[in-house]
Amino acid sequence: MGDVTSGRACGLRWWVRFVGGSSVGLLVVACNATSQHRTAAPTTTLSASGGSVASSSVSAPASTPISVAPVAPSGPVGASSAGPPAATSISAAASVTSSLAAGHVPVVAPRQPGPLAYGPNGVLYISDDTLGEVLSRAPDGAFSVFAGNGTAGLSGDGGPATAVQLNQPQGLAVAANGTVYIADQANGDVRAVSPNGTIHIVFRGGTNTDAVTIGPGAGIYIATSAGVTELHPNGELTTFATDARLGGHDPQFSPQAGCDPDALAFDRAGDLYARCSNTNSLVELISDGTIIFGGPFRPHDTSAAITELPTGQIIGCDGDALFILNHGTQKPLTGFDTIPGVGPFWPQGITASPAGTIYLSQDGASGIGPPAIISLDPQHNIAVLWTAQ
């Protein structure tokens, strides 16, 4: 059980993933020549014409055109709960890149965008552990500091979120009432920012507090090296799943390997998906108590790797591709190799809007491509929302 990578010619890569005794394939091609294609799933083809950015194009399933639409940080983008702006021409990519190069950069901007969360009124939240802050991106494209003062530490509880010290903020979750939960990894805490901007510690004392998600009954679920803890609406903390229970399901490792979960998401049925950092694999804790091994899973930014779609499905980033995850299977959805206006793109942070638009980030730390944030709407239109290029 594992991934097989073979063949590279003109940017060709073929992934074969074996899960649950069957295989699925993902072909990615990106060449600096015309009429090249990259197939992201059996029914999805992405084509990219080489040469200048202005000549590039991308297409969706059944050859439906997909356009790539970079959006100037200071310009109107129209992002709301209905998804990203209508895509503009590919030539916009060059103008956005040159605009940024000319110094038209917002005063507040990400440095290495990581985990994402989608909030009310089209606001996108971005953890940036290099800045030591959580940023918000408004529907008009403007970034603001949402939490953190840029100095690593532990202070400011009970005051304004923008005055608090965070220490490597990671996973994010937004409750129905607009409260934003932040996994403050190096402090071992979870912080809650209320709609009025006040921040409080709601969980303390974890080790490797990487991820947080909203689950059944409005419970807050927290990933630490000890397993998964549930924070109930009344403030009570209980153990939802121990590390020993989650670990030991990957046949390539001994039962004593443990899990150390670092990414969490619930599907509509109330089943918990968790990524085990100790084994680089997925496990699924079904609501009836059964645990299913979900196959190998090696995302770049572990606390940002999986999220729930409005359909109730779970989607995850692995390498330069997205997969639909479902009870031990991983179905390719789409792949990214090179995006006009960005370059190589291996998504790390992921979240989704109620309308089904998927938002993705790349922190740039791996050297694969520059820091960037994009969106992928249900029609597979790609909009480049921000890039450091």
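The structure this text deals with has already been given above.
All right, on to the state of the cysteines then. Applying the stated rule across the entire model yields one disulfide. A sulfur-sulfur distance of 2.2 Å marks the disulfide that ties C259 to C276. One quick way to see it: the torsion about the S-S bond of C259 and C276 is about -90°, and its sign makes the bridge left-handed. Here C276 lies in strand β21 (residues 272-276) and C259 lies in the loop between α2 (243-246) and β20 (261-266), a separation of 17 residues in the sequence. You'll find C259 and C276 in the same group, each marked buried.

Next up on the list: the nonpolar core. With 19 residues, the main nonpolar core has I315, L322, F336, F345, I358, L360 and I374 as its most contacted residues. Of all the secondary-structure elements, those providing two or more residues to this core are β25 (314-318), β26 (321-326), β30 (349-352), β31 (358-362), β32 (372-376) and β33 (382-387). Not counting chain neighbours up to four residues away, the residues in contact with I315 comprise A305, I306, T307, L309, L322, F323, I324, L325, L333, I350 and I358.

Read across the sheet, four strands follow the order β30-β31-β32-β33 without closing on themselves; strand pairing throughout is antiparallel. In this open sheet, the two strands that pair with only one neighbour each are β30 and β33. The mean angle between the axes of side-by-side strands here comes to 15°, regardless of whether they run parallel or antiparallel. One ladder, built from five bridges, connects β32 with β33; its direction is antiparallel. Looking at the pairing, L376 lines up with I382 of β33.

Let us now look at the pattern of salt bridges. Inspection of the entire model under this criterion finds two salt bridges. The salt bridge partner of D184 is R191, with a shortest N-O separation of 3.4 Å. The exposure classification of D184 matches that of R191, with both residues buried. The salt bridge involving D262 is made with R275; its shortest N-O contact spans 3.1 Å.

Ordered in space as β12-β13-β14-β15, the four strands form an open sheet in which the pairing is antiparallel. Two strands close off the open sheet at either side, each with one partner strand: β12 (169-174) and β15 (199-203). If you compare each strand with its neighbour and ignore which way they point, the axes differ by 30° on average. Inspection of the sheet shows strand β13 (residues 180-184) paired to strand β14 (residues 189-193) by five bridges, in the antiparallel sense. Residue pairing in the sheet places V180 in a bridge with V193 of β14.

Time to look at the pairing of β30. By the alternation rule, side chains of β30 split into G349 and T351 and I350 and A352, which are all buried. Looking at chain direction, β30 and β31 are connected through four bridges and run antiparallel. When the bridges of β31 are listed, G349 appears paired with S361. Taking the residues between adjacent antiparallel strands as the criterion, β30 and β31 are bridged by five residues, where G356 takes a positive phi near 95°.

For the rest of this paragraph, the subject is the packing of aromatic side chains. Tallied over the entire structure, the rule returns seven aromatic pairs. Ring centres of Y118 and Y359 lie 5.5 Å apart, and the angle between their planes is 25°; this geometry places the pair in the stacked category. Placement of Y118 in strand β8 (residues 116-118) and of Y359 in strand β31 is noted, with a sequence separation of 241 residues between them. Accessibility classification places Y118 together with Y359 in one group, the buried group. On the numbers, 6.1 Å between centres and 70° between planes, the contact of F240 with F266 is edge-to-face. Pair noted here: F240 is in strand β19 (residues 237-242) and F266 is in strand β20, with a separation of 26 residues, a long-range link.

About the cut-offs
- Residues numbered from 1 in each chain as written.
- Predicted model: local features only at pLDDT ≥ 70, side-chain atom pairs only at ≥ 80, totals over all residues.
- Heavy atoms only, no water.
- Disulfide = S-S within 2.5 Å.
- Helix = DSSP H or I, 4+ residues; strand = E, 2+ residues; numbered from the N terminus.
- Buried < 20%, exposed > 50% of the residue type's maximum accessible area, 1.4 Å probe, protein only.
- Core = buried A, V, L, I, M, F, W, Y, C linked by side-chain atoms within 4.5 Å.
- Contact = heavy atoms within 4.5 Å.
- Pairing = 2+ DSSP bridges.
- Axes fitted to C-alpha atoms, helices over the stretch in contact; angles between N-to-C directions.
- Salt bridge = Lys/Arg side-chain N within 4 Å of Asp/Glu carboxyl O.
- Phe/Tyr/Trp six-rings, centres within 6.5 Å; stacked < 30°, edge-to-face > 60°.

It is worth stressing that arrangement in space is one thing and function is another; only the former is reported here.
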